[in-house]
Amino acid sequence: MSTSTVYKGSCFCGAVQFTVTGKPALQGYCHCKSCKTWAAAPANAFTLWDPKSVNVAQGSDNIASFNKTANSERCWCKVCGGHLFSKHPSMELTDVYAAVIPDFPFEPDIHVHYQEATLHIYDGLPKMKDLPEEAGGSGELIAE
Ligand SMILES: [Zn+2]
Ligand SMILES: [Zn+2]
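Rules used throughout
- Residues numbered from 1 in each chain as written.
- Chains lettered and ligands numbered in written order.
- Predicted model: local features only at pLDDT ≥ 70, side-chain atom pairs only at ≥ 80, totals over all residues.
- Heavy atoms only, no water.
- UniProt positions renumbered as here; feature names shortened; annotations may be inferred.
- Donors = N, O, S within 2.8 Å, 3.2 Å for Na, K, Ca; no water.
- Buried < 20%, exposed > 50% of the residue type's maximum accessible area, 1.4 Å probe, protein only.
- Pairing = 2+ DSSP bridges.
- Helix = DSSP H or I, 4+ residues; strand = E, 2+ residues; numbered from the N terminus.
- Axes fitted to C-alpha atoms, helices over the stretch in contact; angles between N-to-C directions.
- Salt bridge = Lys/Arg side-chain N within 4 Å of Asp/Glu carboxyl O.

Regarding the protein, the UniProt comment filed under Sequence similarities (unreviewed entry) reads as follows: "Belongs to the Gfa family."

Colleague: What is the right way to read the coordination of the zinc ion (ligand 2) from this model?
Modeller: Any two of four tetrahedral donors ideally make an angle of 109.5 degrees at the metal, while pairs among six octahedral donors ideally make 90 or 180 degrees. Within the protein, Cys-30 (SG), Cys-32 (SG) and Cys-35 (SG) serve as the donor atoms for the zinc ion (ligand 2), at 2.1 to 2.3 Å. In primary-sequence terms, the residues that donate to the zinc ion (ligand 2) follow C-x1-C-x2-C. According to the relative accessible area criterion, Cys-30 is buried, its value standing at 7%. With relative accessibility at 11%, the residue Cys-32 sits in the buried group.

Colleague: Explanation requested: the sheet that holds strand β2 (residues 17–21) in the structure shown.
Modeller: Hydrogen bonding along the main chain pairs the strands of a sheet, whether they run parallel or antiparallel. Reading across from one edge, β1-β2-β5 is the order of the three strands in this open sheet, with antiparallel pairing throughout. Of all the strands in the sheet, the pair left with one neighbour each is β1 (6–10) and β5 (54–58). Sheet twist, expressed as the average angle between the axes of neighbouring strands with direction ignored, equals 30 degrees. Pairing of β2 with β5, which is carried by four bridges, proceeds in the antiparallel orientation. By the bridge assignment for β5, Phe-18 is matched with Val-56.

Colleague: Quick question: what am I supposed to make of the sheet that holds strand β10 (residues 110–112) here?
Modeller: Pairing is mixed in the open sheet, where seven strands are placed in the order β6-β7-β8-β9-β4-β3-β10. Bordering the open sheet on either side are β6 (63–69) and β10, each of which pairs with just one other strand. In this sheet, neighbouring strand axes are inclined to one another by 30 degrees on average, regardless of whether the strands run parallel or antiparallel. Bridge count for strand β3 (residues 26–30) against strand β4 (residues 44–49) is five bridges, and the pairing is antiparallel. By the bridge assignment for β4, Leu-26 is matched with Leu-48.

Colleague: What am I meant to see in the pattern of salt bridges here?
Modeller: Should the charged atoms of two oppositely charged side chains come close, the side chains can pair. The tally for this structure, following the rule as stated, stands at four salt bridges. Residue Glu-144 is joined to Lys-127 by a salt bridge in which the shortest nitrogen-to-oxygen separation is 2.7 Å. Taken together, the residues Glu-144 in the segment after β10 and Lys-127 in the segment after β10 connect sequence positions 17 residues apart. Of the residues examined, Lys-127 reaches a relative accessible area of 2% and is grouped as buried. In this structure, the salt-bridge partner of Lys-129 is Glu-140, at a minimum N-O distance of 3.9 Å. Here the residue Lys-129 occupies a position in the segment after β10, and Glu-140 occupies one in the segment after β10, the gap between them amounting to eleven residues. Taking relative accessible area as the criterion, Lys-129 reaches 26% and is therefore assigned partly exposed.

Shown next as structure tokens:
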């Protein structure tokens, strides 16, 4: 393997600092209701990483989390309330929100849970009805 690039991330106030290293397994936009209501946003720009690639450098005791389901541990900063990442233990991946790693060159591959979309994005990327088959979804594509 060649040298891996390290990207810095932080919460809204900076109390929590972390890094991601290398390349994510997948990146894109999630339109599911859980992401939207948790983020209070019309979609979630995600980057999915091997959990070993995500390292908290500072402020780990300021991280709190909430599990609506066993498959999503949503982590945020207790000081500012800013969101950091979601751990998906069943997939062995951690979703680092693209917005909190500003130097990472976000290049979305895909839209997931597009059947729940309220903000339609006409970018020509594949729109999965729910999730890819390998992630336990139908693998079905739907129109933009
Ligand atoms: Zn913070
Ligand atoms: Zn989602």
